[in-house]
Amino acid sequence: MGAEAAVPPAVVLVPFPAQGHVTPMLHLARALAAHGVAATVAVPDFIHRRIAATTTAAPGGEDDDDAGDGGGVALASLPSGVADCGADPPGFAEFGHAMEHHMPAHLERLLARRRVACVVVDVLASWAVPVAERCGVPAAGFWPAMLASYRVVAAIPELMEKGFISESGTPKSSLNQSDDDGHVLRVLKILPAEVELKNEELPWLVGDSATQRSRFAFWLRALHRARSFRSLLVNSFPGEAGCVDDDGGHPARQGPRVFPVGPLLAAGGGGGNSAEQRTKGDGSNYKQQPSSMWQEDATCMGWLDRQRAASVVYVSFGSWVGPIGPEKIRELALGLEATGRPFLWALREDPSWRAGLPDGYAERVAAAGRGKVVGWAPQEDLLAHGAVGCYLTHCGWNSTVEAMRHGVRLLCCPVSGDQFINCGYITRVWEIGIRLGGGMGRDEVGDCIERVMEGKEGRRLQEKMDALRERAVTAEARSLAQRNVKSFVNEIRRDYRLPMHMYSIL
């Protein structure tokens with residue numbers, strides 16, 4: 001028994017290869033490691049190189065798991081067969097093919113080198129599920145976003161069966177239509193009454209019609225494979241408002257056991273800085289552990305140090321969704337400039353993302369001392385800084401919980417995927433932000449920024465934010481999430497048995 005207890009169970013975690021998925025998976029791995037698990041995160045080689053380039057970890061060779069992430073977690077590089085084109089990671093079609101046809105053999109080789117107690121698979125990295133099955137390793141699922149968005153996705157088979165969506169995922173009628181029983185999504189107990197999705201805001205409707213059909217087939221395959229999960233770890237906080245049985249249980253009929261283990265955040269700074277604490281300092285007590293796939297602009301923090309408390313508008317639309325379009329970029333740029341408020345805009349240095357930006361704009365606002373446009377920012381460090389008073393966001397889930405952690409009010413501009421669901425919770429359920437209209441005119445940009453940052457409405461948003469932060473992300477509030485992590489680890493340990501012949505080599 002002593003020898004068995006001394007051997008930590010090994011867990012391999014497989015994220016979907018995008019920043020918004022890799023980051024929370026790394027945080028989950030660190031949480032598991034803190035409970036005595038030997039955690040290895042297996043990422044495609046092009047992701048491994050990016051993380052290694054922004055950390056002190058040395059890039060490893062094929063299937064190497066010796067390189068650490070700086071947080072007590074091993075990183076394994078899986079050859080993908082995909083060329084990394086420098087500034088931009090491969091597109092969905094490229095790495096989608098790699099996940100199904102090139103990477104499985106390398107993951108199988110990695111699992112064969114040791115006795116693995118469990119493989120934790122991002123629902124969107126479902127290619128790893130049949131690999132785990134072939135190796136005889138139990139698989140658990142990981143959903144890196146809200147439980148609410150998982151419920152919507154998990155309802156796809158039922159929505160198809162009841163004739164609400166077609167076999168290609170397009171709605172046959174309004175999902176918010178009223179009938180004798182009420183709105184469809186509420187009848188199915190998927191979303192609370194306050195959150196209503198337009199047809200075009202369903203998370204699987206991304207891109208043109210051909211892209212949507214391809215993505216929907218991807219979702220159907222992922223859901224089919226997910227049926228083998230006995231557990232599902234969800235990156236949201238226990239008691240997430242508006243969901244039925246959202247403290248755990250089963251999100252769908254005969255579904256896996258749900259463990260809310262979030263929000264999964266970088267270590268440091270305890271439970272984060274409250275709004276009051278942020279206005280008193282520069283956030284220097286907080287420093288995130290590196291996991292970025294992008295090179296951050298090191299000059300951001302010095303620029304913030306020169307701004308007044310709670311005066312800066314931070315703008316970012318993330319790195320994964322496509323650009324918002326030239327007209328919206330132009331109107332947003334001119335609207336930000338017209339407010340006369342200092343702003344820091346993280347906008348990818350890519351022609352498709354910066355199309356519409358007025359000529360000489362970045363230089364002009366910098367010379368006036370009012371604005372700073374960078375390619376990528378150290379977001380958590382920035383949100384912890386007392387100078388930031390508003391975050392204009394695409395409502396990605398990682399961005400949302402980072403804003404919660406540091407008490408920053410939100411101005412919402414969702415673009416695709418689960419962002420519309422997140423926005424509904426932000427603006428209608430939690431009331432910690434407001435939504436910018438779809439047209440994004442320059443006058444509306446200015447008006448909404450004023451509403452968020454000033455007056456009675458701004459104070460009410462801050463009060464709501466502080467209350468939610470207290471409930472969701474402070475150290476005391478997160479203790480229940482930690483208990484769920486421990487329960488999951490205990491489940492692994494209970495099922496984990498080391499063969500007797502291995503004791504002699506310990």
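These figures come from a predicted structure and were not determined experimentally. Position numbers for residues start from 1 in each chain and track the written sequence from start to end. Selection of residues for local features in this predicted model requires a pLDDT of at least 70, selection of side-chain atom pairs for listing and counting requires 80 or more, and totals for whole chains, interfaces and linings are taken over all residues. Only hydrogens and water are removed before side-chain values are computed, so all heavy atoms of the structure are retained for them.

Glancing now at the overall build of the protein. Note on conventions: DSSP H or I runs of at least 4 residues are helices, E runs of at least 2 residues are strands, and numbering of each starts at the N terminus. Across its full length, the protein carries 21 helices and 16 strands. Looking at the 506 residues of the protein, the share that counts as buried comes to 59%. In the protein, the share of contacts with a sequence separation of at least 24, taken over all contacts with a separation of at least 6, comes to 73%. Using a 1.4 Å probe, accessible areas were evaluated by the Shrake-Rupley method; residue-level cover was limited to the displayed protein chains. When the accessible surface of the protein is summed, it comes to about 20,000 Å², and 50% of that surface belongs to carbon and sulfur atoms. Think of it in three bands: residues with accessible area under 20% of the maximum for their type are buried, residues over 50% are exposed, and the middle band is partly exposed, with areas taken using a 1.4 Å probe on protein chains only. Working rule for contacts: check all heavy atoms of both residues, and any pair within 4.5 Å makes them a contact.

Side chains F343 and W345 of strand 12 (residues 343-346) all project onto a buried face; the interleaved residues L344 and A346 project onto the opposite face, where all are buried too. Two strands pair when backbone bridges link them, and strand 11 (residues 312-316) and strand 12 are joined in this way by 4 bridges, in the parallel orientation. Looking at the pairing, S316 lines up with A346 of strand 12. In this structure, strand 12 lies alongside strand 13 (residues 371-374), joined through 4 bridges in parallel fashion. Bridging across to strand 13, L344 finds its partner in K372. When DSSP finds two or more bridges between two strands, those strands count as paired.

Another aspect to go through is the sheet that holds strand 14 (residues 388-393). Read from one edge to the other, the open sheet built from 6 strands follows the order 13-12-11-14-15-16, with strand pairing classed as parallel. In the strand order of this sheet, the two ends are held by strand 13 and strand 16 (433-435), each with one partner. Going across the sheet, the axis of each strand differs from the next one's by a mean of 15°, ignoring polarity. Against the sheet, helix 18 (residues 419-429) contacts strand 15 (410-412) and strand 16, and its axis sits at roughly 125° relative to strand 16. Axis definition: a line fitted to C-alpha atoms, over the contacting stretch in the case of helices. Angles run 0 to 180 degrees between N-to-C directions.

Each Phe, Tyr or Trp ring (for Trp, its six-membered ring) is paired with any other whose centre lies within 6.5 Å, and the angle between the two planes then decides the class: stacked below 30 degrees, edge-to-face above 60, tilted in between. As enumerated under the stated definition, the model contains 11 aromatic pairs in all. Taken together, a centroid distance of 6.0 Å and an interplanar angle of 50° make the contact between W204 and F216 tilted. Of this pair, W204 sits in the loop between helix 9 (184-187) and helix 10 (209-226) while F216 sits in helix 10, placing them 12 residues apart in sequence. The class for W204 is buried, based on a relative accessible area of 1%. In this structure F216 comes out as buried when scored by relative accessible area, which is 1%. Judged by centre distance (5.9 Å) and plane angle (40°), the ring pair of F237 and W430 falls under tilted. One end of the pair, F237, is in the loop between strand 9 (231-234) and strand 10 (257-260); the other, W430, is in the loop between helix 18 and strand 16, with 193 residues separating them in the sequence. Just as F237 is buried, W430 falls in that class too.

This brings us to the nonpolar core. Definition used in this section: a nonpolar core is a set of buried Ala, Val, Leu, Ile, Met, Phe, Trp, Tyr and Cys residues joined via side-chain atoms within 4.5 Å. One finds L13, L28, L107, W127, W204, L344 and W430 to be the most contacted residues of the largest nonpolar core, which totals 126 residues. Residue ranges for the domains trace back to a domain assignment, done automatically or taken from a database. Two domains share this core, each providing at least three of its residues, namely domain 1 (10-57 + 66-144) and domain 2 (298-473). Not counting chain neighbours up to four residues away, the residues in contact with W127 comprise V14, L78, M99, E100, M103, P104, L107 and R225. The next biggest cluster of nonpolar side chains, apart from the first, holds 30 residues, and it includes I324, L436, V452 and L461.

Attention now goes to helix 3 (residues 45-53). Across the 9 residues that make up helix 3, a large majority, 7, are buried. Within helix 3 the residues assigned to the buried category are D45, F46, I47, H48, R50, I51 and A52.

Looking now at the packing of helix 13 (residues 326-339) against helix 19 (residues 442-453). Running from N to C, helix 13 and helix 19 cross one another at 50°; their axes reach a closest spacing of 7 Å. Comparing the axis directions of helix 13 and helix 19 gives the class oblique. Regarding helix 13 and helix 19, the two cross each other, and that crossing is right-handed. Between helix 13 and helix 19, the residues in contact are E331, L332, L334, G335, L336 and T339 and R442, V445, G446 and I449, respectively. Roughly parallel covers angles under 35 degrees, roughly antiparallel covers those over 145, roughly perpendicular covers 65 to 115, and oblique covers all other angles. Two helices crossing with the near one rotated counterclockwise from the far one by less than a right angle form a left-handed crossing, whereas a clockwise rotation gives a right-handed crossing.

With that settled, consider helix 20 (residues 455-472). Two residues of an α-helix separated by three or four positions point the same way, owing to the 3.6 residues in each turn. Helix span is expected to be 1.5 Å times the residue number reduced by one. Over its 18 residues, helix 20 runs 26 Å from end to end, which matches the ideal 26 Å to within 8%, given 1.5 Å per residue. Listed as buried for helix 20 are G458, L461, Q462, M465, L468, R469 and A472. Seen along its axis, helix 20 keeps its buried residues to an arc of 130°; they face one direction. For helix 20, the exposed residues lying more than 90 degrees away from the buried face are K456, R459 and E463. Arc definition: directions from the helix axis to the C-beta atoms.

On to the confidence of the model for the protein. Interpreting fine coordinate detail is not advised for predicted regions of low pLDDT. Within the protein, residue pLDDT values average 83, and 79% of them lie at 70 or more. Confidence scores labelled pLDDT are given residue by residue by the predictor and lie between 0 and 100. The secondary-structure element of the protein with the lowest mean pLDDT is helix 11 (residues 275-280), recorded at 46, while strand 15 shows the highest, at 98. With pLDDT under 50 throughout, residues 56-62 is counted as low confidence; its partners more than four residues away or in other chains account for 14 contacts. In the predicted structure, residues 498-506 sits below a pLDDT of 50 and forms 10 contacts with residues beyond four places in sequence or in another chain.

Taken N-terminus to C-terminus, the directions of helix 17 (residues 397-406) and helix 20 make an angle of 100°; their axes are 8 Å apart at the nearest point. In this view, helix 17 runs roughly perpendicular relative to helix 20, as classed from their interaxial angle. Across the interface between the two elements, A403, M404 and R405 of helix 17 pack against M465, L468 and R469 of helix 20. Residues that form the contact of helix 17 with helix 20 fall into these classes: 4 nonpolar, no polar and 2 charged. Ten residues, namely Ala, Val, Leu, Ile, Met, Phe, Trp, Tyr, Cys and Pro, are considered nonpolar, four, namely Asp, Glu, Lys and Arg, are considered charged, and the remaining ones, Gly among them, are considered polar.

Moving on, we come to the pairing of strand 14. Counting buried positions along strand 14 gives 6 out of 6 residues, so the element sits mostly inside the fold. Looking at chain direction, strand 11 and strand 14 are connected through 5 bridges and run parallel. Bridging across to strand 14, V313 finds its partner in C390. With the strands aimed away from the viewer, a crossover counts as right-handed if its path from the first strand over the helix to the second runs clockwise. For the crossover from strand 14 across helix 17 to strand 15, the handedness is right-handed.

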